[in-house]
Amino acid sequence: MKKLSFYSLVLFLLGALFFTACENTFNGPGPEDENSILPDQLTVDIPAALMEDVSSLKGEPVVDTLKGREIYGHLRFFIHTGDHAGRIVRHIIYGIRRYNIDQVKTVTYESEDDGRIKNLVVVEGPEFDGRTWEYGLTITDAESEGEADGGKAMQIFWNRNPKEGITIIKPYNLDRSDEGDLAQAMFRIDYSGAGELGYDHHMIVSIADLPSIDPLLAPFAMDGMKMFVGKKGDYVDVYGNSSHPNAKFLTEKVGYNWAFVASGSDVEDAAVAEVGLPLSTLDAEGRAILLEEYSIYNVLYNEVKTIWPHASDEILEAWLSNTEAPGFFDSHGFIQGGEAPGDQFLPLMKRILGLSPYNPKAIANLEISFN
């Protein structure tokens, strides 16, 4: 019986989700195998300027006076979390390629993580999400195949030319040794290299049903997100929403989306982002509502004025510092809000004008399921 470890790769993401440090130990491609039918790429890399190193947030105190700088800083962390989901897919494909899958086949192996038997099945011509794919791969936890979820741990549907695919993961069924933490969590990545949206390639990362965390420990923890990432030449555009059911600022309003659009370039070491803070119950779309009406400035201004109607200019200035849109970053983090600190940011400012987040309510109610 062969042994294989997949869930250890998912631990990279768990560190991000629970505000603990993690580090990436693999960046290279999978093993070379010209005969393998598995895709070697189903993700898009995100520029460093758009991502916050998770370790930099470890030990941060509970925020009770969240200003523009922190709002933007949290955004980079949430984008970093979505990027880790993409890295997990790369890791898992790397592991599967060791089986030299060059045809339709079935493999049974013992997981190195939980010692349970897993079944891996590759089929030809599966149907999923309204279309027929060239190949499909499913991994199940053998002992739980009779349960409601079929014991499904991962599914990949893909075409080789053009390169495109969908990857769905349920970590709980990859590793049962730590039951409960991620019993319902689901991840999905849609990838395309067909260029149908005007990008060289793009992916959509979706995460749903993350476990709840004590608001006193992590008031801005998210329970789900959806993020589009598209690469065109040296530029990468990102937009989406993350849902934070316990997030609150000054008033009793609770449950916010980080609705965002961003664009970055590793070549220029520059990124620009615009963030809105709509309530997660808001059923609306479009930049005018999500990014302008619910801009960082407007939301925090209304919070301060609700609690302190006669707040002095000093209080307002303290709360509203760096809340101007957009925000500017390099690989070292947030620079400032409002005015561009250099000409290298100007093309990025133009790019985000054509981007818009998703409907906040749809993200708060996001569901992911297997075939």
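Residues numbered from 1 in each chain as written. Predicted model: local features only at pLDDT ≥ 70, side-chain atom pairs only at ≥ 80, totals over all residues. Heavy atoms only, no water.

### Observations concerning the confidence of the model for the protein
- Mean pLDDT for the protein: 82, with 79% of residues reaching 70 or above.
- Predicted confidence is poor over residues 2–32, with pLDDT under 50, and the contacts of this stretch with residues over four places away or in other chains come to 85 contacts.
- Counted against residues more than four places away or in other chains, residues 54–66, with its pLDDT under 50, gives 25 contacts. (pLDDT = per-residue confidence, 0-100. Contact = heavy atoms within 4.5 Å.)

### Digging into the environment of Gly286
- For Gly286, the location among the structural elements is in the loop between strand E14 (270–276) and helix H4 (287–293).
- Judged by its relative accessible area of 26%, Gly286 falls in the partly exposed class.
- Aside from chain neighbours lying at most four places away, what touches Gly286 is Leu291 and Ser356. (Helix = DSSP H or I, 4+ residues; strand = E, 2+ residues; numbered from the N terminus. Buried < 20%, exposed > 50% of the residue type's maximum accessible area, 1.4 Å probe, protein only.)

### Regarding the side chain of Asn359
- Turning to its location among the elements, Asn359 is positioned in the loop between helix H7 (346–352) and helix H8 (360–364).
- Judged by its relative accessible area of 11%, Asn359 is buried.
- What Asn359 contacts, discounting residues up to four positions off in sequence, is Asn241, Leu282, Asp283, Ala284 and Glu285.

### What to know about unusual backbone geometry
- Residue Pro162 follows Asn161 across a cis peptide bond; omega there is 0 degrees.
- Its location among the elements puts Pro162 in the loop between strand E7 (152–160) and strand E8 (163–169).
- The phi angle at Asp269 is positive, at roughly 50 degrees, despite the residue not being glycine.
- Summarising the element assignment, Asp269 is placed in the loop between strand E13 (256–265) and E14.
- Classification of Asp269 by relative accessible area gives partly exposed; the value is 29%.

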